[in-house]
Amino acid sequence: MATHHTLDVPGARLHYEIRGSGPLLLVTGAPMAAVHFAPLADALARHHTVVTHDPRGISGSPVDDPEQDSTPELRANDLVALLDALGADSADVFGSSGGAVTGLALVAQHPKRVRTLVAHEPPVLELLPDAAERRAETDDIVETFHKEGIGAAWMKFMTTSGLAAGGDGAPAAPPGEPSEQDLADSARFFAHELRGTTRHVPDVSALKAGPTRVVIGIGAASGHLVTYRTSVALAELLGTPPVEFPGDHGGFLGRTEEFAEVLRRTLADGGAGEPSAG
């Protein structure tokens, strides 16, 4: 059973939830809200104190300035504020998609606050050899949102990311008729989050030099996705093999128990999950 809390941070008011007991584990997404991680958090809460949250500007975490962009650095500072509010010097962190980028920024900026970061399929497009093309695609998606609306933008996003080929889910709303909140979160994502997240360049030197163990997670069924390529590229720069997780980009949605078990094992045994063949 989750307990619900709020926390004032510079420019925003964060909604967060706490489950379970044991070592502290922050689970973060972007733009995914806490509700989407609830099944995974429930599975992990048997062994961890799991904290999930709505990122700034998403769902139950309103912002003072709706026109302010959400960057990985801002979101990383929010996680530090959460740790402070919890009275925790450090925690393990699982970040999915944009949340994985948040985690990378967190480790680079505040290395002593994270014991192990598991960054699952971060869309760090700037690491790819075709980064300029990917940047142009992102700009086109954002322009499509402003000109044609959320539905057209999601179609382009799903196509360029590879998610249109099917899988466990996109990084925002689940399949089905979107709610008003889903639409608001999608608008926030396209207008104020997508560019900042995908244009983040990980500070590889800081990630390698700090005390944090950084593990790159990759979906066993993600070979057709752009985030497979970005994950492999980052793992190569870090000099560590990626750890394979069940499913694809949203594997924690469709393969929750198996996914949680791999994550538990990765956190417990120094990352001895099954290395990806990629």
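For clarity, every value in this text was computed on a predicted model and none was experimentally measured.

Participant: I keep staring at the overall build of the protein and nothing clicks. Help me out?
Facilitator: For the protein, the helix and strand inventory stands at 11 helices and eight strands. A globule of 278 residues ought to have a C-alpha radius of gyration of about 19 Å, and the protein, at 17 Å, matches this closely. Buried positions account for 56% of the 278 residues belonging to the protein. Working note: accessible area of the protein is about 11,100 Å², and carbon and sulfur atoms make up 54% of it. Taking the average place of the 21 positive charges on the side chains of the protein and the average place of its 37 negative ones, the gap between the two points comes to 4 Å.

Participant: Even after reading the chapter, I still don't get the packing of helix 4 (residues 131-148) against helix 6 (residues 180-192), so can you show me in this structure?
Facilitator: Any two packed helices are characterised by how steeply their axes cross, that is the angle between the axes, and by the distance between the axes. The contact between helix 4 and helix 6 brings their axes to 9 Å, and the two run at 130°. Between helix 4 and helix 6, the interaxial angle falls into the category oblique. For the element pair helix 4 and helix 6, the recorded crossing hand is left-handed. Contacts between helix 4 and helix 6 pair Ile141, Val142, Phe145 and His146 from the former with Ala187, Phe190 and Ala191 from the latter.

Participant: Would you explain the packing of aromatic side chains in this entry?
Facilitator: For any pair of aromatic rings, the description rests on two quantities: the centre-to-centre distance and the angle between the ring planes. Under the defined criterion, the tally for this structure stands at 11 aromatic pairs. For the ring pair Trp154 and Phe189, a centre distance of 5.6 Å and an interplane angle of 20° mean the geometry is stacked. One end of the pair, Trp154, is in helix 5 (residues 150-161); the other, Phe189, is in helix 6, with 35 residues separating them in the sequence. Judged by its relative accessible area of 5%, Phe189 falls in the buried class. Members of the aromatic cluster, each reached through a chain of ring pairs, are Phe37, Phe94, Phe245, Phe252 and Phe259.

Participant: What exactly am I supposed to notice about helix 9 (residues 226-238) here?
Facilitator: Owing to its 3.6 residues per turn, the α-helix aligns residues three or four sequence positions apart on the same side. When the terminal C-alpha atoms of helix 9 are compared, their 19 Å separation across 13 residues agrees well with the 18 Å that a helix rising 1.5 Å per residue should span. Burial analysis of helix 9 places 10 of its 13 residues in the buried class, which makes it a mostly covered element. Turning to helix 9, its buried residues are Val226, Thr227, Tyr228, Thr230, Ser231, Val232, Ala233, Leu234, Ala235 and Leu238. Contacts from the buried residues of helix 9 go to helix 3 (98-109), helix 4, helix 5, helix 8 (204-209) and strand 7 (213-219). Of the residues trailing helix 9, Gly239 is marked for its positive phi of about 75°.

Participant: Looking at this model, I keep getting lost on unusual backbone geometry. Mind explaining?
Facilitator: Where the residue is not glycine, phi is negative for most of them; where a peptide bond is considered, it is trans in most cases. Look at the link from Ala30 to Pro31: it is a cis peptide, with omega at 10°. Along the chain, Pro31 turns up in the loop between strand 3 (24-28) and helix 1 (38-44). Unlike most non-glycine residues, Ser97 shows phi in positive territory, near 55°. Note on placement: Ser97 falls in the loop between strand 5 (91-96) and helix 3. Its identity as a non-glycine residue notwithstanding, Glu121 has a phi of 55°, on the positive side. Following the sequence through the fold, Glu121 ends up in the loop between strand 6 (114-120) and helix 4.

Participant: Please explain the nonpolar core as it appears in this structure.
Facilitator: Note that soluble globular proteins tend to have their nonpolar side chains buried in a common cluster. Counting residues in each nonpolar core, the largest one holds 35 residues, and the members touching the most others are Leu26, Leu104, Leu106, Leu117, Val214, Ile216 and Leu238. Top contributing element to this core by residue count: helix 3, with six residues. Contacts of Leu238, omitting those with residues within four sequence positions, involve Val204, Leu207, Lys208, Val214 and Ile216. Met32, Phe37, Phe245 and Phe252 belong to the second-largest nonpolar core, a separate cluster that totals 21 residues.

Participant: Would you explain a negative patch on the surface in this entry?
Facilitator: Among the surface-exposed residues, Asp64, Asp65, Glu67 and Asp69 lie close enough to one another that they form a single negatively charged patch. With respect to the helices, strands and loops of the structure, Asp65 is situated in the loop between strand 4 (49-53) and helix 2 (72-86).

Participant: Sorry, what's going on with the sheet that holds strand 1 (residues 3-9) here?
Facilitator: For sheets, the rule is that strands pair by backbone hydrogen bonds, running either parallel or antiparallel. In spatial order, the strands read 1-2-4-3-5-6-7-8; together these eight strands make up an open sheet with mixed pairing. Looking at which strands have only one partner, the edges of the open sheet turn out to be strand 1 and strand 8 (243-245). Shown here is a sheet whose adjacent strand axes are inclined to one another by a mean of 25°, direction ignored. Relative to strand 7, strand 6 is paired through five bridges, and the arrangement is parallel. Across the sheet, Val118 pairs through a bridge with Val215, a residue of strand 7. Packing against the sheet, helix 2 makes contact with strand 1, strand 2 (12-20), strand 3, strand 4 and strand 5, and its axis sits at approximately 150° to strand 3.

Participant: Explain the side chain of Thr28 here, please?
Facilitator: Relative to the assigned elements, Thr28 resides in strand 3. Among all residues touching Thr28, those that are not within four sequence positions of it are Phe37, His53, Leu79, Val93, Phe94, Gly95, Ser96 and Gly99.

Reading the values: rules and limits
- Residues numbered from 1 in each chain as written.
- Predicted model: local features only at pLDDT ≥ 70, side-chain atom pairs only at ≥ 80, totals over all residues.
- Heavy atoms only, no water.
- Helix = DSSP H or I, 4+ residues; strand = E, 2+ residues; numbered from the N terminus.
- Rg over C-alpha atoms; globule rule 2.2 N^0.38 Å.
- Buried < 20%, exposed > 50% of the residue type's maximum accessible area, 1.4 Å probe, protein only.
- Areas by Shrake-Rupley, 256 points an atom, 1.4 Å probe, with all protein chains shown as cover.
- Lys, Arg positive; Asp, Glu negative; His and termini not counted.
- Charge placed at Lys NZ, Arg CZ, Asp CG, Glu CD.
- Axes fitted to C-alpha atoms, helices over the stretch in contact; angles between N-to-C directions.
- Parallel < 35°, antiparallel > 145°, perpendicular 65-115°, else oblique.
- Left-handed = near helix turned anticlockwise from the far one by under 90°.
- Contact = heavy atoms within 4.5 Å.
- Phe/Tyr/Trp six-rings, centres within 6.5 Å; stacked < 30°, edge-to-face > 60°.
- Expected span 1.5 Å × (residues − 1).
- Core = buried A, V, L, I, M, F, W, Y, C linked by side-chain atoms within 4.5 Å.
- Patch = residues over 30% accessible without salt bridge, like charges linked within 9 Å, V, L, I, M, F, W, Y side chains within 5 Å.
- Salt bridge = Lys/Arg side-chain N within 4 Å of Asp/Glu carboxyl O.
- Pairing = 2+ DSSP bridges.

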